[in-house]
Every structure is written in C-alpha cells, then in structure tokens.
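A look at the structure
Single-letter residue listing:
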Amino acid sequence: RVHGGSRTIHKRVDDVAAMSLFEVISQQNAVSTNRVIDYFLNEDEDNNKVLFVKVAAIETDSILKRDDEDAEKLSKGIQIAIDKGVLDANIDVEPTIEVDVLGKSSDEVADAILSQVPSGENGIVIVLQGLSGTGKGTTVAKLQQKLSNAVTWSNGNLFRSFSLLATAYCKQHEIELTESVLTGELLHELEGMLQFGKFNGIYDIKITGLGFDTYVSEIELTELKSAVVSTTIPTVAKFTQGEVVKFASSAISLMRQDGVNVLVEGRAETLKYVRSPYRFQLTLSDKQLIGQRRLAQKVMAKVIEGVKKGGRGDGDDEVR
C-alpha cells in the first residue's frame, strides 16, 4: 500500500480521466496499459514521474517475490506427486523459444509466436509460460483470435473441482479437511469422479459422485467459486498437483487428436508435463515494466471508478 503521495497520484488519475485517453482506458487492454505508462513516464512534472516509477518498483518487487513463493509451492507439490509415483521425476522437455515482449504490442507478440508455428495445421498445442506481468493471458487471447478452432486450457477449474469433491467427502464423513485426509487412495477416488470429454457439443469436465451429477461449465460461476471451495484450494492444490497435471495432459491430448488447437499458459514447473514442440517463454528484458503495467492497471481502475461515481477522486484515498 502506498500512503505518501497518494494525493498527487489521484490528481494525475483525474487528469487522465479528463483527457481523450479515457475512451482508450475504458477498454482496459494492453493498449490502454501502455498509454497510461507513457502518460506518466513522459510527465512534465518530474515529481509525478518519480512517484510513478517508485510505486511501480514496489509493485515489481512484490510480484517477483510472490512468483518465487508460488514456484516453491509448485515444486513441492510436484515432488509430492513424484514421491507418490503419480508423475515421473525425469522427463525430456522440448526446447523453449524465448520471446522478449519489451516494446511489443500483444499483436506483435502473438505474431512472433505464430511465425514459429506451421500455418494451416490443426491439432497444435502451444505452451506459453512466463512470470506474472509478462502478458501471458493477453497473448493467449490474441492467439485465440488469430488461430482457427482454438481453445484455451486452464487448470484453475480442475483444482476447484478437486476441492469441491474433497469438501463434500469430508462433510459426508463429518471430518475436517486436513492434509492427512488427502491420501493417495482418496485422491484417486476423487479423480475417478471427473471425466473430460465433449458433452452437449462442447468440451467440458463432468463431475459425478458424492451427490454431484453436473458439468464444470454449469457451476464454474457458482459452487466452484464458493467461499468454502476457495478456502480449501491451497491445501488441496498442494496434494493434487500430480493428478491435475495428468488429467490436463490427457484432456489436451484428446482435444489435439480431435483437430483442436489448444493454448496452454502457466508456470514451467507444471507445463513441462505437457508435450508439445511449440513452447514459448515470455520474458521482459526490463523487469521494472512488470510493476509499471500492474500500477497502470490500478490507475485505470481508479479512473473508471471515479467516472462511474460522477466526480473527482478523493485525494485521501489510498492507491493499492
């Protein structure tokens, strides 16, 4: 949280909202983010530029620290899966092509990736990895626009499905969900309640068991987003990395065989178990841009919030 200088930041936020930039900002995309960064870095008033750079540096440090912590947690989860015999310890990973996104638009990054992929082919799996703030999500969205018959895959709903079932199991057996409950036998049982395939014309995950007979697409915005599921995800995810990785790999292979182009983004620790010759690592040669992007997104949110309220922002508010 940044307390000092928040009044100045709010003044600049109000100035941005008053300019013709607002139409661009309201789109909240990569172009908007870059315009806000340019606005602050090219400020005539040095104090505003210095403050933006200082706050962005704090954001960068925070993001990189969290990424390191996440990587450590992922590695521990993968090691648990290896110890259980769910995942192999030694695998051959295809070469990864680095793409420096510095100074590139999302279209240019997507085009750089597609230039390395055979055109006109179907059943291609593109693996995209990189640190937070390098634009993986934006790039995947662009790739999906540019590729025909393309879908994206995320493990998020799969972890939530395991958490939903684990929670239901504990409730039915009147026990608390702890690490000791998540044995290999139970996780294997829960995995058997999840089936990936084409249902009702779309690819989906069917959940059957413990009182459930539904599809992820039907509950992804309700039960899978419930407070109890969100609370248990950290514990469940620690012990289901292997199961999720294997399930995802099988699902991606099934879609590929069906001629679907699959876009997978995430962290290298888990993506190394997805087989594909088209692997890309998004990098930023200037890591300070990571924090600048995140801060610009927060500024845009403040601008839109202020306009929706119909007035200028309160200078005493904090910029978070």
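Turning next to the packing of helix 5 (residues 106-114) against helix 6 (residues 136-146). Packing of helix 5 against helix 6 leaves a shortest axis separation of 9 Å and a crossing angle of 65°. Viewed along their axes, helix 5 and helix 6 form a crossing whose handedness is right-handed. Each of Ser 106, Asp 107, Val 109, Ala 110, Asp 111, Ile 113 and Leu 114 in helix 5 lies in contact with helix 6, whose residues at this interface are Thr 138, Thr 139, Lys 142, Leu 143 and Lys 146. By residue class, the composition of the contact of helix 5 with helix 6 is five nonpolar, three polar and four charged.

Let's shift gears to the sheet that holds strand 5 (residues 202-209). Spatial strand order, 4-5-6: three strands in an open sheet with antiparallel pairing. In the strand order of this sheet, the two ends are held by strand 4 (194-199) and strand 6 (212-215), each with one partner. Here the average twist between neighbouring strands, direction ignored, is 25°. Where strand 4 meets strand 5, six bridges bridge the pair, whose relative direction is antiparallel. Note that in strand 5 the partner of Phe 199 across the bridge is Ile 202. Most of the contacts of helix 10 (residues 227-257) go to strand 4, to which it runs at about 15°, and overall it touches strand 4 and strand 5.

Here a ring pair, both rings aromatic, is described through the centre-centre distance and the interplanar angle of the planes. According to the stated counting rule, one finds five aromatic pairs in the structure shown. Pairing Phe 199 with Tyr 215 gives two aromatic rings, centres 5.2 Å apart and planes at 45°, and the pair type is tilted. Placement of the pair is Phe 199 in strand 4 and Tyr 215 in strand 6, with a sequence separation of 16 residues. Within the aromatic cluster, the residues linked to one another by ring pairs are Tyr 39, Phe 40 and Phe 52.

Since one α-helical turn is 3.6 residues long, residues separated by three or four positions face the same way. Counted at 1.5 Å a residue, the expected span for helix 12 (residues 288-309) with its 22 residues is 32 Å, and the 32 Å between its end C-alpha atoms agrees. By the burial criterion, the buried members of helix 12 are Leu 289, Ile 290, Gly 291, Gln 292, Arg 293, Leu 295, Ala 296, Val 299, Met 300, Val 303, Ile 304 and Gly 306.

So, on to the side chain of Asn 261. In this fold, Asn 261 is placed in strand 7 (residues 261-266). With a relative accessible area of 1%, Asn 261 lands in the buried category.

Turning to the confidence of the model for the protein chain, a few remarks are in order. Summary statistics for the protein chain give a mean pLDDT of 85 and a share of 87% for residues scoring 70 or more. Element-level pLDDT for the protein chain is lowest in helix 1 (residues 6-18), with a mean of 46, against a maximum mean of 96 in strand 6. Every residue in residues 1-19 is under pLDDT 50, and counting partners more than four places away or in other chains gives 46 contacts. Here residues 312-320 is modelled with pLDDT under 50, and outside its nearest four sequence neighbours on either side it reaches 25 contacts, counting other chains as well.

It is worth spelling out the pairing of strand 6 at this point. In this structure, strand 5 lies alongside strand 6, joined through four bridges in antiparallel fashion. Bridging from a neighbouring strand, Thr 208 pairs with Asp 213 of strand 6. Remark: two residues form the turn of the hairpin made by strand 5 and strand 6, two consecutive strands paired antiparallel; Leu 210 in that turn has positive phi of roughly 55°.

Now for the environment of Ser 285. As for its position among the elements, Ser 285 is in the loop between strand 8 (278-283) and helix 12. Along the sequence, Ser 285 and Val 99 sit 186 residues apart, while their C-alpha atoms lie 9.9 Å from each other. With residues near it in sequence (within four places) discarded, Ser 285 still touches Asp 100 and Leu 102. Polar contacts involving the side chain of Ser 285 include one to the side chain of Asp 100, which spans 2.8 Å.

What counts, and where the lines are drawn
Residues numbered from 1 in each chain as written. Predicted model: local features only at pLDDT ≥ 70, side-chain atom pairs only at ≥ 80, totals over all residues. Heavy atoms only, no water. Axes fitted to C-alpha atoms, helices over the stretch in contact; angles between N-to-C directions. Helix = DSSP H or I, 4+ residues; strand = E, 2+ residues; numbered from the N terminus. Left-handed = near helix turned anticlockwise from the far one by under 90°. Contact = heavy atoms within 4.5 Å. Nonpolar A, V, L, I, M, F, W, Y, C, P; charged D, E, K, R; others polar. Pairing = 2+ DSSP bridges. Phe/Tyr/Trp six-rings, centres within 6.5 Å; stacked < 30°, edge-to-face > 60°. Expected span 1.5 Å × (residues − 1). Buried < 20%, exposed > 50% of the residue type's maximum accessible area, 1.4 Å probe, protein only. pLDDT = per-residue confidence, 0-100. Polar contact = N/O pair within 3.5 Å; in protein donor to acceptor, adjacent residues only side chain to side chain.

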